[in-house]
Amino acid sequence: MAHLSDSSALKTPLPSVVGDLGQLFHDAGYELSLVGGPVRDLFLGRVSPDLDFTTNARPDDIISVIRRWCDTYWEIGRAFGTIGMRKAGFQIEITTYRADAYDPDSRKPAVAFGDKLEDDLFRRDFTMNAMALRLPSMELVDPFGGVLDLHAGLVRTPGAPSTSFSDDPLRMMRAARFASQLEVDVAPEVFEAMKDMAGRITIISAERVRDELVKLINGKAPWAGIDLLVESGLAEHVLPEVSALKLEIDEHHRHKDVYQHSLTVLRQACGHETDADGAVPGPDFVLRFAALMHDVGKPATRRFEPNGSVSFLHHDAVGSKLTAKRMKALRFDNDTIKAVSRLVELHMRFYGYGDAGWTDSAVRRYVNDAGPLLQRLHRLTRSDVTTRNRRKAERLAFAYDDLEARITALAEQEELAAIRPDLDGQQIMALLGIRPGPVVGRAYRFLLEERMEKGPSSEAEAADLLRSWWASQPENPDNSAAAPAGDSDTAAAPAEPSADNSGDAAARGGAKMESDGNPS
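No experiment lies behind these values; they were computed from the predicted model shown.

As for its position among the elements, Leu-117 is in helix α4 (residues 117-122). The spacing of Leu-117 and Glu-31 is 86 residues in sequence and 8.9 Å in space, taken between C-alpha atoms.

Listed below in structure tokens is the structure:
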């Protein structure tokens with residue numbers, strides 16, 4: 001493809017606000033160019049709702065030009081030469097040409113304004129982002145071959161990759177994100193620089209790393225981005241638990257390659273997402289990240305058994321803790337941490353259902369434990385089947401189809417998604433004549449266990465059950481062995497009702513030894 005000197009190859013027409021703004025700056029005597037990602041996206045056939053421009057005008061001059069034209073504007077980025085605004089539904093940022101200098105030990109540049117568009121483009125991360133459209137002439141400025149690299153599917157830097165990554169180490173994470181979002185490869189020299197400089201990512205704040213990771217995971221091919229992080233060594237600093245999976249390859253082939261299995265599960269989880277009207281609209285970060293992290297507990301739990309098999313006892317629980325710890329280090333919010341780590345903890349619950357079968361009580365527990373994550377757990381569990389044995393895969397798929405059908409049937413009968421005891425806290429206190437405290441919680445849990453074991457009952461039946469339970473409690477004043485009122489919850493909670501069969505224990509997440517014969 002020949003080097004372009006104009007915009008004839010753009011696949012998507014520009015919104016009118018671009019031309020209007022370009023004419024406005026031209027009439028005021030300033031240069032203005034659409035720049036970076038929005039130009040790249042035009043060659044990919046899409047228009048970004050966020051438009052970035054660059055100009056030789058200084059911030060005060062920018063404001064004087066746009067003040068009466070835009071719907072509203074703000075000056076939050078003024079110190080960096082950026083004025084933000086909104087016009088006709090588009091969010092716009094205009095930044096003065098930059099010619100920044102970086103301190104090798106600093107995370108932030110020493111801001112310096114420039115005078116030439118080409119100098120501003122040189123300081124950008126990748127050639128495909130170092131393109132501009134001069135306005136209003138629509139001349140394409142592409143001094144570093146960004147269009148060629150975009151069509152070749154290659155990530156390259158305008159200058160030496162080592163210099164670019166030294167200036168801003170987060171660009172290495174961004175290269176992996178582009179591998180996911182745009183399904184491109186990194187040029188060999190870029191990959192070598194990433195390997196050599198991976199340790200510099202540690203000077204970047206956890207929040208910035210997290211934001212790049214979320215964009216990577218939510219891309220079209222997150223497994224490609226993760227693989228680039230691992231192969232370059234960046235994951236050792238960002239997601240060391242994932243890098244550790246690669247160390248678990250067994251040269252004697254006694255168990256599957258856990259790392260490649262995890263990438264396959266991630267890929268399959270993406271395929272199980274729904275459209276916007278479905279149960280799990282994609283991209284769904286919680287489902288995808290849980291798929292990636294679901295087996296990170298295996299390195300710490302791997303054991304070679306005397307019979308030659310390999311076990312990973314309790315890797316689900318260990319992996320849940322490791323996942324939560326890593327997400328906290330990356331400054332994720334508590335709700336996201338809880339959701340992802342809970343899915344990791346629950347991902348083994350289903351296995352054994354097809355062999356032993358579950359009682360209705362076990363099915364209720366499964367739904368109750370998953371709570372609002374049930375639809376994601378369905379998809380994670382199905383994604384975790386990567387066996388090449390077609391009969392085994394079909395057997396597992398049939399078993400999970402059966403479990404989902406039973407959940408649906410029970411839900412229609414019992415409003416399964418919102419299982420509650422047949423009496424609430426106020427009713428418990430009124431019936432037993434007690435005040436708020438630990439005893440109310442114990443009584444509530446007892447009734448919840450009865451509800452999951454036996455299904456719904458009438459209010460009168462629940463009251464009789466509660467009275468029978470209360471008769472044996474030490475806090476009951478009619479009990480001669482009563483403990484002093486107001487004691488802390490030291491009395492043993494009532495034993496769980498015995499399971500009808502082994503399915504109940506499995507649904508509670510009982511101890512399980514996973515060997516290579518299992519699908520996880």
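The next subject is the pairing of strand β8 (residues 132-135). Across 4 bridges, strand β1 (residues 32-35) lies against β8 in antiparallel orientation. By the bridge assignment, Val-35 is partnered in β8 with Ala-132. Pairing geometry for β8 and strand β9 (residues 139-141), over 3 bridges, is antiparallel. Across the sheet, the residue bridging to Arg-134 is Glu-139, located in β9. Connecting β8 to the next strand, β9, in antiparallel fashion are 3 residues, including Met-138 with a positive phi near 65°.

The next subject is the packing of helix α19 (residues 360-370) against helix α20 (residues 374-383). Remark: α19 packs on α20, axes separated minimally by 8 Å, with the N-to-C direction vectors making an angle of 110°. In terms of their interaxial angle, α19 and α20 are classed as roughly perpendicular. In contact with Tyr-366, Val-367 and Ala-370 of α19, α20 contributes Leu-374, Leu-377 and Thr-381. Along the lines of polarity and charge, the residues of the contact of α19 with α20 split into 5 nonpolar, 1 polar and no charged.

In terms of burial, helix α10 (residues 222-232) is largely enclosed, as 8 of its 11 residues are buried. Every buried residue of α10 is listed here: Pro-222, Trp-223, Gly-225, Ile-226, Leu-228, Leu-229, Val-230 and Ser-232. Looking one or two places after α10, you find Gly-233, whose phi comes out positive at around 95°.

Another aspect to go through is unusual backbone geometry. With an omega of 5°, the peptide bond between Leu-135 and Pro-136 qualifies as cis. Relative to the helices and strands, Pro-136 is located in the loop between β8 and β9. In this structure, Pro-283 follows Gly-282 across a cis peptide bond, with omega equal to 0°. Relative to the helices and strands, Pro-283 resides in the loop between α13 (258-271) and α14 (285-293). One non-glycine residue with positive phi stands out, namely Ala-88, at about 55°. Summarising the element assignment, Ala-88 is placed in the loop between β4 (82-87) and β5 (90-96). Its identity is not glycine, yet Arg-331 carries a phi of approximately 65°, on the positive side. Tracing the backbone through its elements, the reader meets Arg-331 in the loop between α16 (315-329) and α17 (334-346).

What follows covers the packing of aromatic side chains. Counting across every chain of the model gives 10 aromatic pairs. Plain terms: the ring middles of Phe-122 and Phe-144 are 5.8 Å apart, the flat faces sit at 50° to each other, and that makes the pair tilted. Linking Phe-122 in helix α4 with Phe-144 in the loop between β9 and α5 (146-152), this pair joins segments that are 22 residues apart in sequence. Classification of Phe-122 as partly exposed rests on a relative accessible area of 45%. Ring pairs connect the aromatic residues Phe-285, Phe-289 and Phe-332, which therefore count as one cluster. The ring of Trp-69 is capped by Lys-87, whose NZ or CZ atom sits 5.1 Å from the centre of that ring. Between the NZ or CZ atom of Lys-298 and the centre of the ring of Phe-312, over which it lies, the distance is 4.7 Å.

With mixed pairing, 7 strands are arranged side by side in an open sheet as β3-β4-β5-β2-β1-β8-β9. Every other strand in the sheet has two partners, leaving β3 (72-74) and β9 as the edge strands with one partner each. Between one strand axis and the next, the sheet turns through 30° on average, direction left out of account. Sheet contacts for helix α1 (residues 16-27): β1, β2 (50-55), β4, β5 and β8; angle to β2, the most-contacted strand, approximately 20°.

Grouped together as the largest cluster of nonpolar side chains are 116 residues, with contacts concentrated most on Phe-53, Ile-94, Ile-226, Phe-289 and Leu-292. Ranked by residues supplied to this core, first place goes to α14 with 8 residues. Dropping the residues within four chain positions of it, Ile-226 is found in contact with Leu-213, Leu-216, Ile-217, Leu-239, Val-242, Tyr-259, Leu-263, Leu-266 and Leu-292. If you look at the next biggest cluster of nonpolar residues, it comprises 14 residues, including Met-429, Leu-432, Val-440 and Trp-469.

In this section: the side chain of Ser-232. Among the secondary structure elements, Ser-232 is positioned in helix α10. Among the polar contacts made by the side chain of Ser-232, one reaches the main-chain carbonyl oxygen of Leu-228 at a distance of 2.8 Å. A polar atom in the side chain of Ser-232 sits 3.4 Å from the backbone nitrogen of Leu-234. Here Ser-232 is in contact with Phe-191, Met-194, Lys-195 and Ala-198, once residues within four sequence places are set aside.

For the rest of this paragraph, the subject is helix α8 (residues 188-197). Listed as buried for α8 are Val-190, Ala-193, Met-194 and Met-197. Buried residues of α8, seen end-on, are gathered within an arc of 105° and therefore sit on one face of the element. The exposed residues of α8 that point more than 90 degrees off its buried face are Pro-188 and Asp-196. Each element contacted by the buried residues of α8 is listed here: β10 (154-155), α6 (161-167), α7 (170-181), β11 (185-186) and α10.

As a further point, take the pairing of β2. Pairing geometry for β1 and β2, over 3 bridges, is antiparallel. Of the residues in β2, the one forming a bridge with Leu-34 is Phe-53. The pairing of β2 with β5 spans 6 bridges and is parallel. Residue pairing across strands places Asp-50 opposite Gln-91, the latter belonging to β5.

With that settled, consider the environment of Asp-369. By secondary structure assignment, the location of Asp-369 is in helix α19. Spatially, the C-alpha atoms of Asp-369 and Arg-342 are 9.2 Å apart, while their sequence positions differ by 27 residues. One polar contact links Asp-369 to Arg-349, side chain to side chain, over a distance of 2.7 Å.

Calculation criteria
Residues numbered from 1 in each chain as written. Predicted model: local features only at pLDDT ≥ 70, side-chain atom pairs only at ≥ 80, totals over all residues. Heavy atoms only, no water. Helix = DSSP H or I, 4+ residues; strand = E, 2+ residues; numbered from the N terminus. Pairing = 2+ DSSP bridges. Axes fitted to C-alpha atoms, helices over the stretch in contact; angles between N-to-C directions. Parallel < 35°, antiparallel > 145°, perpendicular 65-115°, else oblique. Contact = heavy atoms within 4.5 Å. Nonpolar A, V, L, I, M, F, W, Y, C, P; charged D, E, K, R; others polar. Buried < 20%, exposed > 50% of the residue type's maximum accessible area, 1.4 Å probe, protein only. Phe/Tyr/Trp six-rings, centres within 6.5 Å; stacked < 30°, edge-to-face > 60°. Lys NZ or Arg CZ within 6 Å of the ring centre and 35° of its normal. Core = buried A, V, L, I, M, F, W, Y, C linked by side-chain atoms within 4.5 Å. Polar contact = N/O pair within 3.5 Å; in protein donor to acceptor, adjacent residues only side chain to side chain. Arc of directions from axis to C-beta.

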